[in-house]
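The lines below spell out each chain.
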Amino acid sequence: MTLKANKNNWTPAGYEQIVEDMIKYRNETKPYQTPDPLFTVVLEKVTEYKADLNNLFQELYLDIILAPADQFDAKYEAAKQKFLDAGYQEILDEKQKAIDAGQFR
């Protein structure tokens, strides 16, 4: 049920196969991943931007994967910057500050 709910959260209706491919790839690469640290402080920026960034991710992801192949690199670079500017850079900075302060396990 959690996976079904996540599919609805991660992509608009009608594009569930994209999420299924993403989950398949995630499972294939899981042995090679490094998990995020468990922070011992509240990350305020995550709370502030999480919902908006999730929606923006869906929009940018579909724009990139549905674009012609010759536009991929340009769209990907533009999407990365838009995501950072929409709050993700603030999240990264806050996480780095907590890591530097030893506020993680």
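Residues numbered from 1 in each chain as written. Predicted model: local features only at pLDDT ≥ 70, side-chain atom pairs only at ≥ 80, totals over all residues. Heavy atoms only, no water.

Participant: Would you explain the pattern of salt bridges in this entry?
Facilitator: Close approach of charged atoms allows side chains with opposite charge to pair. Under the criterion given, the structure shown has six salt bridges. The shortest N-O distance in the salt bridge between Asp63 and Lys75 comes to 3.2 Å. Of the two residues, Asp63 sits in helix α3 (residues 44-65) while Lys75 sits in helix α4 (residues 72-100), which places them twelve residues apart along the sequence. Overall, the relative accessible area of 37% leaves Asp63 in the partly exposed class. Among the ionic contacts, a cluster of salt bridges with common partners joins Lys45, Glu48 and Glu90. (Salt bridge = Lys/Arg side-chain N within 4 Å of Asp/Glu carboxyl O. Helix = DSSP H or I, 4+ residues; strand = E, 2+ residues; numbered from the N terminus. Buried < 20%, exposed > 50% of the residue type's maximum accessible area, 1.4 Å probe, protein only.)

Participant: In this structure, what is going on with the confidence of the model for the chain? I would like to understand it.
Facilitator: The predicted coordinates of low-pLDDT regions are not to be read in fine detail. When pLDDT is averaged along the chain, the result is 92, and 100% of the positions lie at 70 or above. The lowest-confidence element of the chain is helix α1 (residues 2-10), averaging 80 in pLDDT; the highest-confidence one is α4, averaging 97. (pLDDT = per-residue confidence, 0-100.)

Participant: Would you take a moment to explain the packing of α1 against helix α2 (residues 16-29) for this structure?
Facilitator: Each pair of packed helices can be summarised by the angle the axes make with each other and by the distance between the axes. At a closest axis distance of 10 Å, the pairing of α1 and α2 adopts a crossing angle of 120 degrees. By the angle between their directions, the pair α1 and α2 is classed as oblique. Read as a crossing pair, α1 and α2 show a hand that is right-handed. Residues Leu3, Lys7 and Trp10 of α1 form the contact with α2, whose participating residues are Val19, Glu20, Met22, Ile23 and Arg26. (Axes fitted to C-alpha atoms, helices over the stretch in contact; angles between N-to-C directions. Parallel < 35°, antiparallel > 145°, perpendicular 65-115°, else oblique. Left-handed = near helix turned anticlockwise from the far one by under 90°. Contact = heavy atoms within 4.5 Å.)

Participant: Teacher, can you tell me more about α4 here?
Facilitator: One full turn of an α-helix is made of 3.6 residues, so residues set three or four places apart face in the same direction. Across its 29 residues, α4 extends only 35 Å between first and last C-alpha, which sits more than 12% below the 42 Å expected from 1.5 Å per residue. Buried positions along α4 lie against α3. Just beyond α4, the residue with positive phi is Gly102, at close to 70 degrees. (Expected span 1.5 Å × (residues − 1).)

Participant: Is there a simple way to think about the domain arrangement of the chain in this case?
Facilitator: Interfaces are frequently sized by the accessible area removed from exposure as the parts join. Splitting the chain by domain gives domain 1 (3-32) and domain 2 (44-101). The gap between the C-alpha centroids of domain 1 and domain 2 is 17 Å. Taken residue by residue, the interface counts six residues in domain 1 and six residues in domain 2. Contact between domain 1 and domain 2 buries roughly 590 Å² in total, counting both sides, with carbon and sulfur atoms accounting for 65%. Joining domain 1 to domain 2, the criterion identifies zero salt bridges. Along the contact surface separating domain 1 from domain 2 lie two residue pairs in polar contact (both at pLDDT 80 or more). (Domains from an automatic or database assignment. Buried area = accessible area lost by both parts, 1.4 Å probe. Polar contact = N/O pair within 3.5 Å; in protein donor to acceptor, adjacent residues only side chain to side chain.)

Participant: So what exactly am I meant to see when it comes to a nonpolar patch on the surface here?
Facilitator: Together, Tyr15, Ile65 and Leu66 make up a nonpolar patch on the protein surface, roughly 260 Å² of accessible area in all. Relative to the helices and strands, Ile65 is located in helix α3. (Patch = residues over 30% accessible without salt bridge, like charges linked within 9 Å, V, L, I, M, F, W, Y side chains within 5 Å. Areas by Shrake-Rupley, 256 points an atom, 1.4 Å probe, with all protein chains shown as cover.)

Participant: What's the story with the packing of aromatic side chains in this structure? I'm lost.
Facilitator: Aromatic ring pairs are described here by two measures, namely the spacing of the ring centres and the angle between the planes. Under the defined criterion, the tally for this structure stands at three aromatic pairs. Between Phe72 and Tyr76, the aromatic rings sit 5.7 Å apart at their centres with planes inclined by 10 degrees, giving stacked as the arrangement. One end of the pair, Phe72, and the other, Tyr76, are both in helix α4, four residues apart, so they sit about a helical turn from each other. On the basis of relative accessible area, Phe72 is assigned to the partly exposed category, the value being 37%. Taking the centre distance of 5.3 Å and the plane angle of 50 degrees together, the rings of Phe83 and Tyr88 count as tilted. For Phe83, a relative accessible area of 18% puts it in the buried group. (Phe/Tyr/Trp six-rings, centres within 6.5 Å; stacked < 30°, edge-to-face > 60°.)

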